[in-house]
Amino acid sequence: MRLLLKKTVCALLVGVALMLSLHAASAKEAIPLNGGYVTDSAKILSASETRDIQNYLESLEYSTGIQVAVLTLPSLGGKDLEMYALNVAESWGIGRKDKDDGVLLLVSLAERKVRIEVGYGLEDRLTDAKCGLIIRNIITPEFRAGRYGQGIYKAVQNIGGIASGNAEQVSPSVRGDSELNDDWMGLIYGILFVIAWFVLFSSIAGRRNRGFFAWMLFDALLSGSRRSSYRGSYSGHGGSGFSGSAFHGGGGHFGGGGASGGW
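Model, not experiment: these values are computed from the prediction. (Residues numbered from 1 in each chain as written. Predicted model: local features only at pLDDT ≥ 70, side-chain atom pairs only at ≥ 80, totals over all residues. Heavy atoms only, no water.)

We now examine the overall build of the protein. When helices and strands are counted, the protein shows seven helices and seven strands. When the elements of the protein are put in sequence order from the N terminus, they spell out α-β-α-β-α-β-β-α-α-α-α-β-β-β. Considering the protein as a whole, with its 263 residues, one finds that 40% of them fall into the buried category. Roughly 14700 Å² of accessible area belongs to the protein as shown, and the carbon and sulfur atoms make up 59% of that amount. (Helix = DSSP H or I, 4+ residues; strand = E, 2+ residues; numbered from the N terminus. Buried < 20%, exposed > 50% of the residue type's maximum accessible area, 1.4 Å probe, protein only. Areas by Shrake-Rupley, 256 points an atom, 1.4 Å probe, with all protein chains shown as cover.)

Next up, the structure:
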């Protein structure tokens, strides 16, 4: 009886392992070949649009080393958007191995979904929030109007501008919202710090000095408000590692950073 049970368990384990290996192999085969900076499998871009996007991305990589790839699909075929984008980015090896500075912009036409997948090395600049702004404020309006080429071109410009620190390439609807949030967060942290300082020192000084500390609190808050209103926008700096069908010397890694959306 025990022998039969052991054989049954072994057979089940072998079957599960075989199914997992077949599933992994099929998933690997489902990833399209890397067509370069732009792989337009959904055929939504004209020749001139493809050329413009490629030229920009090639220039971006040449000047900064940052690698951005665009993939359009007719359909996801039931696959999970986030997991599929991560698998494609890792499989293609987008980004430099020592920098992890790759980005994948994936568009699935049938599901009307978009994903910006960000490499580890850019997650501090190209945050989930900023990727969400690019999708909502740049891609979605253009895609809804049927202007796929313009939407993708503007999106990669914003991606490149944020990733490289070139504020001139970032649209006001992306840059402005982000800066506003940063200003408010800075002001809130300042207020909390001053309140904590006031409570601590007023409790030490006693009642007779609380009027003095209250005045100092008011002055500090007013000064912080003035400083936040004068904050400016960020600015930044300006060889090609990939052409043809693959990234030369690529191998960047991804951890699921980015954002998804639809139109």
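Turning our eyes to something else, we now look at the sheet that holds strand 3 (residues 102-108). In space, the five strands of this open sheet follow the order 1-2-3-4-7, with mixed pairing throughout. The two strands at the open ends of the sheet, each matched to only one other strand, are strand 1 (38-40) and strand 7 (254-262). Put simply, the sheet's adjacent strands are angled 10° from each other on average, direction ignored. The pairing of strand 3 with strand 4 (residues 113-119) spans six bridges and is classified as antiparallel. Across the sheet, Leu104 pairs through a bridge with Glu117, a residue of strand 4. The strands touched by helix 3 (residues 81-92) are strand 1, strand 2 (67-73), strand 3, strand 4 and strand 7; relative to strand 4, the strand with the most contacts, the crossing angle is about 45°. (Pairing = 2+ DSSP bridges. Axes fitted to C-alpha atoms, helices over the stretch in contact; angles between N-to-C directions. Contact = heavy atoms within 4.5 Å.)

Bringing the packing of helix 2 (residues 47-64) against helix 5 (residues 148-164) into the picture now. Where helix 2 contacts helix 5, the two axes come as close as 9 Å, and the packing angle between them is 5°. As far as their axial angle goes, helix 5 and helix 2 are roughly parallel. Every residue of helix 5 that contacts helix 2 at Glu49, Asp52, Ile53, Tyr56, Leu57, Leu60 and Thr64 is listed here: Gly149, Gln150, Ile152, Tyr153, Val156, Gln157, Gly160, Gly161 and Ser164. A class-by-class count of the residues in the contact of helix 2 with helix 5 yields seven nonpolar, seven polar and two charged. (Parallel < 35°, antiparallel > 145°, perpendicular 65-115°, else oblique. Nonpolar A, V, L, I, M, F, W, Y, C, P; charged D, E, K, R; others polar.)

Taken as a whole and assessed by the stated rule, the structure comprises four aromatic pairs. Ring geometry for Tyr56 and Tyr153: centres 6.2 Å apart, planes at 70°, overall edge-to-face. Of this pair, Tyr56 sits in helix 2 while Tyr153 sits in helix 5, and the two are 97 residues apart along the sequence. By relative accessible area, which is 28% here, Tyr153 ends up partly exposed. Ring geometry for Tyr148 and Trp263: centres 6.2 Å apart, planes at 75°, overall edge-to-face. The exposure class assigned to Trp263 is buried, which follows from its relative accessible area of 10%. The structure contains a cluster of three or more aromatic residues connected by ring pairs, namely Phe143, Tyr148 and Trp263. (Phe/Tyr/Trp six-rings, centres within 6.5 Å; stacked < 30°, edge-to-face > 60°.)

The next thing to look at is the nonpolar core. In this structure, Leu57, Leu105, Ile116, Leu126, Ile134, Ile152 and Val156 are the most contacted members of the largest nonpolar core, which totals 38 residues. The set of elements that each furnish at least two residues to this core consists of helix 2, strand 2, strand 3, strand 4, helix 4 (128-144) and helix 5. Ignoring any residue separated from it by four or fewer positions in sequence, one finds Ile152 in contact with Ile44, Leu45, Ile53, Val70, Thr72, Leu105, Val107 and Phe143. Core analysis: the second largest hydrophobic core is formed by 16 residues, Leu76, Tyr84, Leu86 and Trp92 among them. (Core = buried A, V, L, I, M, F, W, Y, C linked by side-chain atoms within 4.5 Å.)

Now for the side chain of Glu142. With respect to the helices and strands, Glu142 occurs in helix 4. The exposure class of Glu142 is buried, given its relative accessible area of 8%. Separated by 2.6 Å, the side chains of Glu142 and Lys154 make a polar contact. Ignoring sequence-local partners within four residues, the contact set of Glu142 consists of Arg147, Gln150, Gly151 and Lys154. (Polar contact = N/O pair within 3.5 Å; in protein donor to acceptor, adjacent residues only side chain to side chain.)

Here Phe254 lies in strand 7. When its relative accessible area of 4% is taken as the criterion, Phe254 is described as buried. When residues no more than four places from it in sequence are discounted, the contact partners of Phe254 are Leu86, Ala89, Glu90, Ile94, Gly102, Val103, Glu117, Val118, Gly119 and Tyr120.

Looking now at the pattern of salt bridges. Going through the model one piece at a time under the given rule, you end up with five salt bridges. Note that Glu117 is salt-bridged to Arg115, the shortest N-O span being 2.8 Å. With respect to class, Glu117 is no different from Arg115; both count as buried. Look at the salt bridges and you will find they share partners, linking Glu142, Arg147 and Lys154 into a network. (Salt bridge = Lys/Arg side-chain N within 4 Å of Asp/Glu carboxyl O.)

For strand 2, the tally of buried residues reaches seven of seven residues, placing the bulk of the element in the interior. Note: strand 1 against strand 2, three bridges, orientation parallel. Across the sheet, the residue bridging to Val38 is Val70, located in strand 2. The handedness of the strand 1 to strand 2 crossover, carried by helix 2, is left-handed. Bridge count between strand 2 and strand 3: seven bridges; the pairing is parallel. Along strand 3, the bridge assignment pairs Val68 with Val103. (Right-handed = clockwise from strand over helix to strand, strands pointing away.)

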